[in-house]
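# Results of the structural survey
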Amino acid sequence: GLLCLVSLAVATPAQAGPVRVEKEGHVYHPVFSGDGKYVAYEVNGLKKEVSLFISAVSNSIAKDGVHVSLPGGGAFSEGDGVAANPVWHPAGLIVFEGSNQGGQYRLYYHQPGSGTAAEMITTQEVAGHITFPAVAADGSKMALVAKKTGNGDVYTRDTNSGKLVQETDTSGTESFPLFSPDGKEILFTRKHADTEDIFVKMFSDGNEKMVTGGPGDQTRPAYAADGNRIVYFDGSRGNGQWDLMSVDVNGGDGKKLGKGVRLPHRARPAVSTDGQWAAYASDDPQQGGNIYLKTVDGEKSVTIHTDFTACGEPALSMNNKRVILAFTALPASGAGWRFLTIVDITDSLNKG
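Every chain is numbered on its own, with residues counted from 1 as its sequence reads. Note on the predicted model: pLDDT of at least 70 is required for a residue's local features to be given, and 80 or more for side-chain atom pairs to be given and counted; whole-chain, interface and lining totals, by contrast, use all residues. The side-chain numbers reported here are obtained from all heavy atoms of the structure, hydrogens and water having been left aside.

## Examining the packing of aromatic side chains
- Aromatic contacts are taken between Phe, Tyr and Trp rings whose centres are within 6.5 Å, Trp giving its six-membered ring; a plane angle under 30 degrees counts as stacked, one over 60 as edge-to-face, and the others as tilted. Scanning the entire structure with this criterion turns up 9 aromatic pairs.
- Ring geometry for Phe-188 versus Phe-199: centroids 6.0 Å apart, planes at 15 degrees, classification stacked. In this pair, Phe-188 is assigned in strand β16 (residues 185-192) and Phe-199 in strand β17 (residues 195-202), connecting sequence segments 11 residues apart.
- Seen in terms of ring centroids, Phe-308 and Phe-339 are 4.9 Å apart; in terms of plane orientation they differ by 85 degrees. Their pairing is edge-to-face. Linking Phe-308 in the loop between β26 (301-305) and β27 (309-319) with Phe-339 in strand β29 (residues 339-344), this pair joins segments that are 31 residues apart in sequence.
- Through a chain of ring-to-ring contacts, the aromatic side chains of Phe-308, Phe-327 and Phe-339 assemble into a single cluster.
- Look at NZ for Lys and CZ for Arg. If either is within 6 Å of the ring centre and within 35 degrees of the ring normal, a charge sits over the ring. Looking at Arg-190, its charged tip hangs above the ring of Phe-199, at a distance of 4.7 Å from the centre. Runs of E in the DSSP output that reach at least two residues are strands. Runs of H or I that reach at least four are helices, and both are numbered from the N terminus.

Below you can see the structure in the form of structure tokens.
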């Protein structure tokens, strides 16, 4: 039934405001394509199932969501499959983690508008769970985390040759790999004992260094300011409290961009296309109707007021030279499902 609904839904007119999805569930983790023409997002129906949808975006108007189906599943759409953690390839593909009915997590790719997704890397190349896809800005390399060598190590894969290189080999668990904008280094986190710290490895000499660490978790790093700064979530205050921090890529004292931020379901911090702004939501229910933006140097801030509650999961993009913000929220009246909405915030930022 779901696919029939979706194919009918595609023909309906697009509208500003909440993005319509023919599936009940909480919407999480919006991720814009590099050109801003698509947004991918997860729909979690509160079973063990997470579905992936894509909407075409024009200015701040998104078309209805189109379901991305994994191979091998008529049964899949009803079962407890997972399709999550999407990233965009510069060629316009989406790469994501998928698992059919409790099976291993593997990486898949999908071209918007085409049929079923296809597996990206065979089990002959890498056996076991593979997660956390990342793609270099020029598409020449891909990164992933593979479980086959223990707790989880970062691998890179050359797009042309298919050659795999194991980049980390420690007893810790590595996650969240990310290529620098110039492709010369790779950023990742490493969990050891009870803390998670952020490291960077240079491809030229193979050396790695800690960018930032300390008590609690420093996690989900994103590049900003042409690769000169890193924005990340900092849990060093403990008790489930998170702050949004910005630090020079060479280390040094971090700047606190936001205190008491709402930690996204899975996403990294939202950074604008020009690398100058970061967006976040507050974990204070009194501030739940706002999305906050701060320049990554900590100098300027702008507040976007909405009519909703429990706002979170912001993502930023450019579309027709306009700055576009996507976020998820609950409707003001009582519960209901968390939905996705998209707004043009160019004028707000220009005033800021």
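## As for the sheet that holds strand β25 (residues 290-295)
- At least two DSSP bridges between two strands are needed for those strands to be called paired. Read from one edge of the open sheet, 4 strands run β23-β24-β25-β26, paired in antiparallel fashion. Either end of the sheet is taken by a strand with one partner, and the two such strands are β23 (270-271) and β26.
- As judged from the 2 bridges shared by β23 and strand β24 (residues 277-280), these two strands associate in the antiparallel manner. Bridge pairing links Ala-270 to Ala-279 in β24.

## With respect to the environment of Tyr-109
- Mapping Tyr-109 onto the fold places it in strand β9 (residues 106-110).
- Exposure categories follow from relative accessible area, calculated using a 1.4 Å probe and restricted to protein chains: below 20% of the type maximum is buried, above 50% is exposed, and the middle band is partly exposed. In this structure Tyr-109 comes out as partly exposed when scored by relative accessible area, which is 32%.
- The spacing of Tyr-109 and Gly-98 is 11 residues in sequence and 9.7 Å in space, taken between C-alpha atoms.
- The contact definition used throughout considers only heavy atoms, calling two residues in contact when any of these lie within 4.5 Å. In contact with Tyr-109, not counting residues within four places along its chain, are Leu-93, Ile-94, Val-95, Phe-96, Ala-117, Ala-118, Glu-119 and Met-120.

## Some points on the pattern of salt bridges
- Within this document, salt bridges are pairs made up of a side-chain nitrogen of Lys or Arg and a carboxyl oxygen of Asp or Glu, the two lying within 4 Å of each other. This model, assessed by the stated rule, comprises 14 salt bridges.
- For Asp-243, the salt bridge goes to Lys-256, with nearest N and O atoms at 3.4 Å. Of this pair, Asp-243 sits in strand β21 (residues 243-248) while Lys-256 sits in strand β22 (residues 255-259); the two residues are 13 residues apart in sequence, bridging distant segments of the chain.
- The class of Asp-243 is buried, set by a relative accessible area of 1%.
- Because the salt bridges share partners, they merge into one network encompassing Glu-174, Arg-190 and Glu-208.

## Thoughts on the pairing of β17
- Among the 8 residues that make up β17, 7 are buried, leaving the element largely enclosed by the rest of the structure.
- Bridge count between β16 and β17: 8 bridges; the pairing is antiparallel. Note on β17: the bridge partner recorded for Ile-186 is Lys-201.
- With antiparallel pairing between neighbouring strands as the criterion, β16 and β17 make up a hairpin whose turn holds 2 residues, including Ala-193 at a positive phi of roughly 55 degrees.
- Alignment of β17 against strand β18 (residues 208-212), held across 4 bridges, turns out to be antiparallel. Paired with Ile-198 across the strands is Thr-212, a residue of β18.
- A loop of 5 residues connects β17 with β18, the two strands running antiparallel in sequence, and Gly-206 in this loop sits at a positive phi of about 75 degrees.

## Some remarks on the sheet that holds β18
- Ordered by their spatial adjacency, 4 strands build an open sheet running β15-β16-β17-β18, and the pairing between neighbours is antiparallel. Here the strands that pair on one side only, and so sit at the sheet edges, are β15 (173-179) and β18. Averaged over all adjacent pairs, the angle separating strand axes in this sheet is 30 degrees, with direction ignored. Between N-to-C directions, angles cover 0 to 180 degrees, with each direction set by a line fitted to C-alpha atoms, over the stretch in contact for helices.

All we've got here are geometric facts, nothing functional implied.
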